[in-house]
Amino acid sequence: MGAGMARYLFISDIHANLTALEAVLATAEGLWDHAVCLGDVVGYGPDPNEVIDRIVKLGMTSIRGNHDRAAATGVCDSFNPSACAAIEWTRGRLRTENLRWLQALPAGPFSEAGMVFVHGSVEDEDEYILSADEAERSLEQSPASITFFGHTHVQGGFRLRDERIEAFRPPFAADAEAAPMKLDPAARYLINPGSVGQPRDGDPRAAFAVADTGRRAIEFRRVAYDIASVQERMEGAGLPEPLVLRLAFGR
Ligand code: ZN
């Protein structure tokens, strides 16, 4: 992280879930000066236009995710049938200016304030980093010592120190604030704030992170939201059942 004091809000994988996004923004209010979205604003969920409107209004730094790319281009060959059906549904509802906004999103890696932002990995926005082995190349190749990523929908990350890579997961305490994790200046980090709109780490609550670049500290947070209301909107929209059900399990 660069010099100067700034508090950064990190969000990722919102997946058109406005209720989860609003819960995150309400909880994070007053905690940040800059905000970054690591991709997958749309796909899976019922509120693509509403979520894009909110992100645009906040003036966040945003990079594209694989679902944003698929919604922007209509190409979803690498997706499973449910994900592809949701992309087709999304493309049928996107307002023209929101489609253009998705088409204009930059792909990572994106550098800001001495940090690097990617959706999947440093080399490939579609690559999943779920293990220390998978983290190795990005930890070594990133131009910054701290790289933020998304895509896996798993909150936590990886630390490279003394040629060893360790995975870390935040403690899933209550909604109340967890103790901030201090970042070791001698280590390199890959940090995932988790998914706002479709967590897959066993905790169905919306995830986000706040980084304090001055104190070199990061705080992982979870916040409960009204999952049932989102599931109702998804059912009303005719979105695939597996996508509706998984929200409640966080898987
Ligand atoms: Zn995603």
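See the structure shown above.
Each chain carries its own residue numbering, running from 1 in the written order of its sequence. Local features are withheld for residues below a pLDDT of 70 in this predicted model, meaning they are given only at 70 or higher, and side-chain atom pairs are given and counted only at 80 or more; totals for whole chains, interfaces and linings count all residues. The basis for every side-chain value is the complete set of heavy atoms in the structure, and neither hydrogens nor water enter the calculation.

**A closer look at the coordination of the zinc ion**
At the metal site, the zinc ion is ligated by Asp13 (OD), His15 (NE2), Asp40 (OD) and His153 (NE2), and these contacts range over 2.1 to 2.3 Å. Ligating atoms shown are N, O and S within 2.8 Å of the metal, or 3.2 Å for Na, K and Ca, and water is not included, meaning a site may look less than complete. Donor angles set the geometry label: tetrahedral for four donors if every angle is between 85 and 135 degrees, square planar for four and octahedral for six if opposite donors exceed 155 degrees and the others are between 65 and 115, irregular for anything else. In this structure, the zinc ion is surrounded by four donor atoms whose angles at the metal cover 87 to 177°, and the resulting shape is irregular. Every donor residue of the zinc ion comes from the same chain, spaced as D-x1-H-x24-D-x112-H. In this pair, Asp13 is assigned in the loop between strand 1 (7-11) and helix 1 (18-28) and Asp40 in the loop between strand 2 (34-37) and helix 2 (48-58), connecting sequence segments 27 residues apart. Asp40 shares its class with Asp13; the two are buried. Note on conventions: DSSP H or I runs of at least 4 residues are helices, E runs of at least 2 residues are strands, and numbering of each starts at the N terminus. Only protein chains enter the accessibility calculation, which uses a 1.4 Å probe; a residue is then buried when its area is under 20% of its type maximum, exposed when over 50%, and partly exposed in between.

**What about the sheet that holds strand 10 (residues 188-192)?**
For two strands to count as paired, DSSP must find a minimum of two bridges between them. Across the sheet, six strands lie side by side as 4-5-6-10-7-8; this open sheet has mixed pairing. The outermost strands of the open sheet, each flanked by one partner alone, are strand 4 (110-112) and strand 8 (164-168). Along the sheet, successive strands turn relative to each other by an average axial angle of 20°, direction set aside. The sheet contact formed by strand 5 (residues 115-117) and strand 6 (residues 146-148) spans two bridges and is parallel. Looking at strand 6, one finds that Val116 is bridged to Thr147. Note on contacts: a residue pair qualifies if any of its non-hydrogen atoms lie within 4.5 Å across the two residues. Note on geometry: axes are C-alpha line fits, over the in-contact stretch for helices, and angles between N-to-C directions span 0 to 180 degrees. Sheet strands in contact with helix 6 (residues 132-141) are strand 7 (156-161), strand 8 and strand 10, and its direction is about 120° off that of strand 10.

**Here's the deal with the packing of helix 2 against helix 5 (residues 96-104)**
It is the contact of helix 2 with helix 5, at a shortest axis distance of 10 Å, that shows an interaxial angle of 65°. When you trace helix 2 past helix 5, the crossing you get is left-handed. For the pair helix 2 and helix 5, contact is made by Asn49, Ile52, Asp53, Ile55 and Val56 and by Asn98, Trp101 and Leu102, respectively. Its residues assigned to classes, the contact of helix 2 with helix 5 shows five nonpolar, two polar and one charged. With the far helix as reference, a near helix turned anticlockwise by less than a right angle produces a left-handed crossing, and one turned clockwise produces a right-handed crossing. Residue type decides the class: Asp, Glu, Lys and Arg count as charged, Ala, Val, Leu, Ile, Met, Phe, Trp, Tyr, Cys and Pro as nonpolar, and the leftover types, Gly among them, as polar.

**Brief notes about the side chain of Thr90**
Along the chain, Thr90 falls in helix 4 (residues 81-93). A relative accessible area of 0% means that Thr90 is categorised as buried. Not counting residues up to four positions away in its chain, the partners in contact with Thr90 are Val42, Gly43, Pro48 and Ala71.

**A look at the sheet that holds strand 3 (residues 61-62)**
Spatially, the six strands line up as an open sheet ordered 3-2-1-11-12-9, and their pairing is mixed. Looking at which strands have only one partner, the edges of the open sheet turn out to be strand 3 and strand 9 (181-182). Looking at chain direction, strand 11 (residues 206-212) and strand 12 (residues 217-223) are connected through seven bridges and run antiparallel. Counted as the bridge partner of Ala211 is Ile218 from strand 12.

**Quick word on empty space enclosed by the protein**
Over the atoms a probe the size of a water molecule is rolled, and this reveals where empty space is left. Points on a 1 Å grid, built from protein atoms alone, make a cavity when a 1.4 Å probe fits but cannot get out and make a pocket when they are open with protein on both sides within 12 Å along at least 5 of 7 lines; residues with an atom within 4 Å of a point are the lining residues. Grid points are joined across faces, edges and corners, and a volume is the space filled by probe spheres set on the points. Overall, the coordinates contain three cavities of 30 Å³ or more when judged by the stated rule. Its volume calculated, the second largest cavity comes out at about 50 Å³. Lining the second largest cavity are His15, Asn17, Tyr44, Gly45, Pro46, Gly197, Gln198, Val230, Met234, Leu243 and Leu247. In terms of residue class, the lining of the second largest cavity is built from six nonpolar, five polar and no charged.

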